[in-house]
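So the chains spell out like this:
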Amino acid sequence: MYKLEVYPEKCHGCGNCVVSCPVNARDPNTYGGKGPEDESIVILRVINGVVNIINGDLCGGCGACVESCPVGAIKLVIK
Ligand code: SF4
Ligand code: SF4
């Protein structure tokens with residue numbers, strides 16, 4: 001099992017991770033890096049210019065968000 005970790009001090013709020021996440025993408029309202037409107041299905045969301053983990057338990061550990069981040073602000077760690 002993997003656990004998501006974010007490093008807000010590195011994040012510049014581009015939203016790449018939000019739109020690359022296949023779980024977030026189930027909601028067609030995923031756009032502009034904000035993530036789904038429905039908070040019950042969103043894993044990552046940019047709030048005030050910084051990435052936040054909303055529902056980390058939904059993460060399947062695919063790594064798309066990690067790969068999409070240009071500054072290394074997300075990691076998957078083994079729990
Ligand atoms: S590892 Fe995959 S499922 Fe988990 S938040 Fe990142 S993109 Fe989404
Ligand atoms: S964590 Fe990385 S990809 Fe996600 S919004 Fe921040 S800088 Fe962009």
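Residues numbered from 1 in each chain as written. Chains lettered and ligands numbered in written order. Predicted model: local features only at pLDDT ≥ 70, side-chain atom pairs only at ≥ 80, totals over all residues. Heavy atoms only, no water.

Caption draft 1: Structural detail: the site of ligand 2. Looking at ligand 2, there are 14 residues lining it, with Cys11, Cys14, Gly15, Cys17 and Cys69 nearest. Considered class by class, the residues forming the shell around ligand 2 number ten nonpolar, four polar and no charged. (Near = heavy atom within 4 Å. Nonpolar A, V, L, I, M, F, W, Y, C, P; charged D, E, K, R; others polar.)

Caption draft 2: Local environment of the site of ligand 1. All residues in the neighbourhood of ligand 1 are listed as Leu4, Cys21, Pro22, Ile43, Leu44, Cys59, Gly60, Gly61, Cys62, Gly63, Ala64 and Cys65. Considering only residue class, the shell around ligand 1 consists of nine nonpolar, three polar and no charged.

Caption draft 3: Representation of the nonpolar core in the model. Judged by nonpolar contacts, the single largest core of 15 residues is most densely connected at Leu4, Cys17, Ile43, Leu44, Cys65 and Ile74. With sequence-adjacent residues up to four places away left out, isoleucine 43 is seen in contact with Leu4, Cys21, Val23, Asn24, Asn52, Ile53, Ile54, Asn55, Gly56, Leu58 and Cys59. (Core = buried A, V, L, I, M, F, W, Y, C linked by side-chain atoms within 4.5 Å. Buried < 20%, exposed > 50% of the residue type's maximum accessible area, 1.4 Å probe, protein only. Contact = heavy atoms within 4.5 Å.)

Caption draft 4: The arrangement of the packing of aromatic side chains in detail. Tallied over the entire structure, the rule returns zero aromatic pairs. Residue placement shows lysine 10 over the ring face of tyrosine 7; its charged tip is 5.6 Å from the ring centre. (Phe/Tyr/Trp six-rings, centres within 6.5 Å; stacked < 30°, edge-to-face > 60°. Lys NZ or Arg CZ within 6 Å of the ring centre and 35° of its normal.)

Caption draft 5: Here's a closer look at the environment of glycine 56. Tracing the sequence through the fold places glycine 56 in the loop between strand S3 (50–53) and helix H2 (64–68). Distance in space between the C-alpha atoms of glycine 56 and valine 6 is 11 Å, their sequence separation being 50 residues. (Helix = DSSP H or I, 4+ residues; strand = E, 2+ residues; numbered from the N terminus.)

Caption draft 6: Just the side chain of serine 68, in detail. Among the secondary structure elements, serine 68 is positioned in helix H2. One polar contact links the side chain of serine 68 to the main-chain amide nitrogen of cysteine 17, over a distance of 3.4 Å. Sequence-distant contacts of serine 68, defined by excluding residues within four places in its chain, comprise Asn16, Cys17 and Ser20. (Polar contact = N/O pair within 3.5 Å; in protein donor to acceptor, adjacent residues only side chain to side chain.)

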